[in-house]
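Residues per chain, in single letters:
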Amino acid sequence: MQYLLDRMSQGTLHVALLDPDKQPASEAGEIARRMKEAGSDAVFIGGSTGVTTENLSATAKAIREMSGLPTIHFPGSADALSTEVDALLFMSMMNSMKLEWVMGAQVYAAPIVKKMGIQTIPMGYVVVEPGMKVGEVGKANLVRRDDIAGAVAYALACEMYGMQMFYLEAGSGADRPVPPEMIRAVKDAISIPLIVGGGIRTPEAAEAARKAGADIIVTGTFIEQCRDDGRLKAVVSAAKGV
Ligand code: 1GP
């Protein structure tokens with residue numbers, strides 16, 4: 001957490017998201033190496049389905065060895081946990097209609113996480129339309145794209161709970177990222193760091209999210225698919241404003 005805060009004091013961060021179920025660990029390590037070259041600050045490891053302790057551990061290890069970037073577990077359930085990651089986003093999907101995702105999986109995991117000695121980052125997570133797979137799997141009561149006040153209310157509740165970060169998610173592969181007006185209003189309402197992700201795959205979209213106030217910009221689908229290092233760098237640079 002301190003690493004992220006230190007870096008954030010210098011500007012917006014770019015975080016690469018890698019799903020351990022989508023490629024072998026060595027390939028994830030190679031993508032992370034290229035992302036480090038492109039300027040990424042850290043790697044989130046996670047996915048909505050298919051993440052196991054084995055593929056999570058192997059992926060974290062490969063990323064650390066091949067890129068040196070910090071690895072942060074972005075969990076989709078309490079089924080997979082690993083000591084190979086540097087930290088775990090201890091998150092509540094605040095707008096899930098299933099108690100399990102709001103609080104149940106966390107209560108189940110907490111004693112195990114404690115015993116394993118994994119560093120936790122408490123985070124509120126809210127899924128905005130279109131929501132994609134995470135919205136479906138998480139049974140999210142999606143925040144409408146025009147419901148700025150609704151998004152702000154979740155962010156304020158997150159901060160009042162004492163969580164250390166708030167994540168606005170449009171869903172992996174979304175055709176439209178979180179609207180900049182929503183990012184701006186949420187950023188103005190809270191003082192904890194704001195993470196934004198889902199559907200960001202162009203320098204223009206990354207720049208819009210940064211200018212609206214995102215502290216951390218996450219891209220997943222784009223970095224999995226892009227084979228052009230120049231284009232990777234363009235999106236990361238736009239996210240960071242460098
Ligand atoms: C998903 O916000 C992330 O949690 C990334 O989304 O795959 O669309 O970049 P993309």
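Above this note sits the structure.
Residues numbered from 1 in each chain as written. Predicted model: local features only at pLDDT ≥ 70, side-chain atom pairs only at ≥ 80, totals over all residues. Heavy atoms only, no water.

Q: Account for the nonpolar core, naming residues and giving values.
A: Formed by 85 residues in total, the largest nonpolar core has its most connected members in F44 and F166. Filtering out sequence-adjacent residues up to four positions away, F44 remains in contact with V15, A16, L17, L18, I72, F74, L89, Y167, I195 and V218. (Core = buried A, V, L, I, M, F, W, Y, C linked by side-chain atoms within 4.5 Å. Buried < 20%, exposed > 50% of the residue type's maximum accessible area, 1.4 Å probe, protein only. Contact = heavy atoms within 4.5 Å.)

Q: I'd like to hear about the packing of helix α7 (residues 180–189) against helix α8 (residues 203–212), residue by residue, with values.
A: Running from amino to carboxyl end, α7 crosses α8 at an angle of 25°, the nearest separation of the two axes being 8 Å. In terms of axis orientation, α7 runs roughly parallel to α8. Remark: the crossing between α7 and α8 carries right-handed chirality. For the pair α7 and α8, contact is made by P180, I183, R184 and K187 and by A208, A209, K211 and A212, respectively. (Axes fitted to C-alpha atoms, helices over the stretch in contact; angles between N-to-C directions. Helix = DSSP H or I, 4+ residues; strand = E, 2+ residues; numbered from the N terminus. Parallel < 35°, antiparallel > 145°, perpendicular 65-115°, else oblique. Left-handed = near helix turned anticlockwise from the far one by under 90°.)

Q: Run through the sheet that holds strand β2 (residues 42–45), naming residues and quoting values.
A: Spatially, 8 strands are ordered β1-β2-β3-β4-β5-β6-β7-β8 in a closed barrel, and the strand pairing comes out parallel. Averaged over all pairs of adjacent strands, the angle between strand axes in this sheet comes to 30°, irrespective of strand direction. Note: strand β4 (residues 87–93) against strand β5 (residues 120–127), 6 bridges, orientation parallel. Bridge assignment links M91 to a residue of β5, and that residue is M123. (Pairing = 2+ DSSP bridges.)

Q: Describe helix α4 (residues 99–116), and please don't skip the residues or the numbers.
A: If you check α4, its first and last C-alpha atoms are 25 Å apart, about what 18 residues at 1.5 Å a residue would give, namely 26 Å. All of the buried residues along α4 are W101, A105, Q106, A109 and V113. Looking at the packing, one finds that the buried side of α4 touches β4, β5 and α5 (132–137). Downstream of α4 by one or two residues, G117 has phi in the positive range, about 75°. (Expected span 1.5 Å × (residues − 1).)

Q: Pulling in residues and values, what's your account of the site of the ligand?
A: Residues in contact with the ligand amount to 13 residues; listed here are only the nearest, E169, S172, G173, G220 and T221. For the ligand, an oxygen atom lies 2.3 Å from a polar atom in the side chain of E169. Taking T221, its side chain carries an N or O atom lying 2.5 Å from an oxygen atom of the ligand. Surface burial for the ligand is 96%, taken as the share of its 300 Å² of free accessible area covered by protein chains. (Near = heavy atom within 4 Å. Polar contact = N/O pair within 3.5 Å; in protein donor to acceptor, adjacent residues only side chain to side chain. Areas by Shrake-Rupley, 256 points an atom, 1.4 Å probe, with all protein chains shown as cover.)

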